[in-house]
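As a plain string of letters, each chain reads:
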Amino acid sequence: MNYTEYSIEKAEQQRILIATDIHNCHIDWHEITNEERMELFCKELNKAYEKFPFDSMLCLGDYSLDHWAWDIGGSCLWNPPISRTDEFMKKYYPKFPEKAYLIPGNHEQYGEEDWKKITGFPREYAVVYGNYVFAMLDTFGGDLSPTEHADGTYTGINVALVTEILEKHPDKRIILCMHDLIPEKESEDARKLIFEQKQILCAMTGHTHRDNTVLLPDSWRNLAVFYCGDFSYNGGRDKERNWGYRILDFKDGKFSTEYVRVNV
């Protein structure tokens, strides 16, 4: 096996929570300070857990604006440099009610060694959960450790990794998890893999700060892509706040999903 694999061990597989685009950074949104927003995020996770305990969490990138091409730029290239991802892991991650598995977004362009040192995880890997495997993919793995302010380079689905996961787990169903999925920038090999491998059920993504569902074209086997919202800025919807998280419920060999908005 050429990839890292984790396993979520629970007596009863029931629920997974997915969060993305949290953006611990220097900007305040919706008239709430960054620190207040981050504390609220942790509080809401714990409230959700108390209501219906989930077995684990998946986080799909953008915990910061460490690498950023706009305004005053990403904080990793400030003088002195600041890693808000490191702050996120040390200050807020310990307040989560369950272990969370993290992959980078386009604003965490750390090289493999630095990313693993900060988070404890590789940039991509797999998580086994009962009859399912979450393929935790790094679709912004290009031009890492930039020396100039940047927003990340899209590299697409790691076909070799997903193929290896499929070969190792021929009896399990695969859920692709990534910061973003852009079909027009994907390889023909990625399209062919998804078209042919019916073990691949769907994809979970972030980046757009939306919570909608998109069906890919027929040539992609109409794969369902579920967007997992945000806990930061609203993605172009004026003053509307869409803070929340996505829930995956597992029962009787099937799963369902919904986006849960936080009311504050």
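The rules behind these values
Residues numbered from 1 in each chain as written. Predicted model: local features only at pLDDT ≥ 70, side-chain atom pairs only at ≥ 80, totals over all residues. Heavy atoms only, no water. Core = buried A, V, L, I, M, F, W, Y, C linked by side-chain atoms within 4.5 Å. Buried < 20%, exposed > 50% of the residue type's maximum accessible area, 1.4 Å probe, protein only. Helix = DSSP H or I, 4+ residues; strand = E, 2+ residues; numbered from the N terminus. Contact = heavy atoms within 4.5 Å. Polar contact = N/O pair within 3.5 Å; in protein donor to acceptor, adjacent residues only side chain to side chain. Pairing = 2+ DSSP bridges. Axes fitted to C-alpha atoms, helices over the stretch in contact; angles between N-to-C directions. Expected span 1.5 Å × (residues − 1). Parallel < 35°, antiparallel > 145°, perpendicular 65-115°, else oblique. Nonpolar A, V, L, I, M, F, W, Y, C, P; charged D, E, K, R; others polar. Salt bridge = Lys/Arg side-chain N within 4 Å of Asp/Glu carboxyl O.

> Which residues make up the nonpolar core, and what values go with them?
F96, L102, F134, M136 and M204 are the most contacted members of the largest nonpolar core, which totals 54 residues. A per-element tally of this core places helix α1 (residues 34-51) first, with six residues. Aside from chain neighbours lying at most four places away, what touches M136 is L58, C59, L60, Y101, I103, R123, E124, Y125, V127 and C177. Grouped together as the second largest cluster of nonpolar side chains are 28 residues, A126, I165, L166 and Y227 included.

> Outline the environment of D62, listing residues and values.
Along the chain, D62 falls in the loop between β3 (56-59) and α2 (84-92). D62 sits 117 residues away from H179 along the chain, and the two C-alpha atoms are 8.1 Å apart. With residues near it in sequence (within four places) discarded, D62 still touches D21, I22, H23, G105, N106, H107, E108 and H179. Within polar-contact distance, the side chain of D62 engages the backbone nitrogen of H107 at 3.1 Å.

> Kindly report on the sheet that holds β3, identifying the contributing residues and their values.
With mixed pairing, five strands are arranged side by side in an open sheet as β4-β3-β2-β11-β12. Here the strands that pair on one side only, and so sit at the sheet edges, are β4 (100-102) and β12 (254-261). Adjacent strand axes in the sheet meet at a mean angle of 25 degrees, parallel and antiparallel pairs treated alike. Here three bridges tie β3 to β4, and the two strands are oriented parallel to one another. Across the sheet, residue C59 finds its bridge partner in β4, namely L102.

> Residue-level account of α1, with values.
An ideal rise of 1.5 Å per residue puts 26 Å on 18 residues; α1 measures up with 26 Å between its terminal C-alpha atoms. Within α1, the full set of buried residues consists of N34, R37, M38, L40, F41, C42, E44, L45 and A48. Buried-residue contacts for α1 involve β2 (15-19), β3, α2 and β11 (244-251).

> Can you lay out the packing of α2 against helix α3 (residues 112-119) for me, pointing to particular residues and giving the numbers?
Contact geometry of α2 with α3 gives a least axis separation of 9 Å together with a crossing angle of 25 degrees. Accordingly, the angle class assigned to the pair α2 and α3 is roughly parallel. Only W115, I118 and T119 of α3 make contact with α2, whose side of the interface consists of T85, D86 and M89. The residue makeup of the contact of α2 with α3, split by class, is three nonpolar, two polar and one charged.

> How would you explain the pattern of salt bridges if you had to name every residue and give the values?
Tallying each qualifying case throughout the model produces ten salt bridges. The shortest N-O distance in the salt bridge between E5 and K168 comes to 3.1 Å. Remark: K168 occurs in helix α4 (residues 159-168) and E5 occurs in strand β1 (residues 5-7); sequence separation between them is 163 residues. One salt bridge in this structure joins R15 and D249, with 2.6 Å as the shortest N-O distance. Here the residue R15 occupies a position in strand β2, and D249 occupies one in strand β11, the gap between them amounting to 234 residues. By relative accessible area, which is 14% here, R15 ends up buried.

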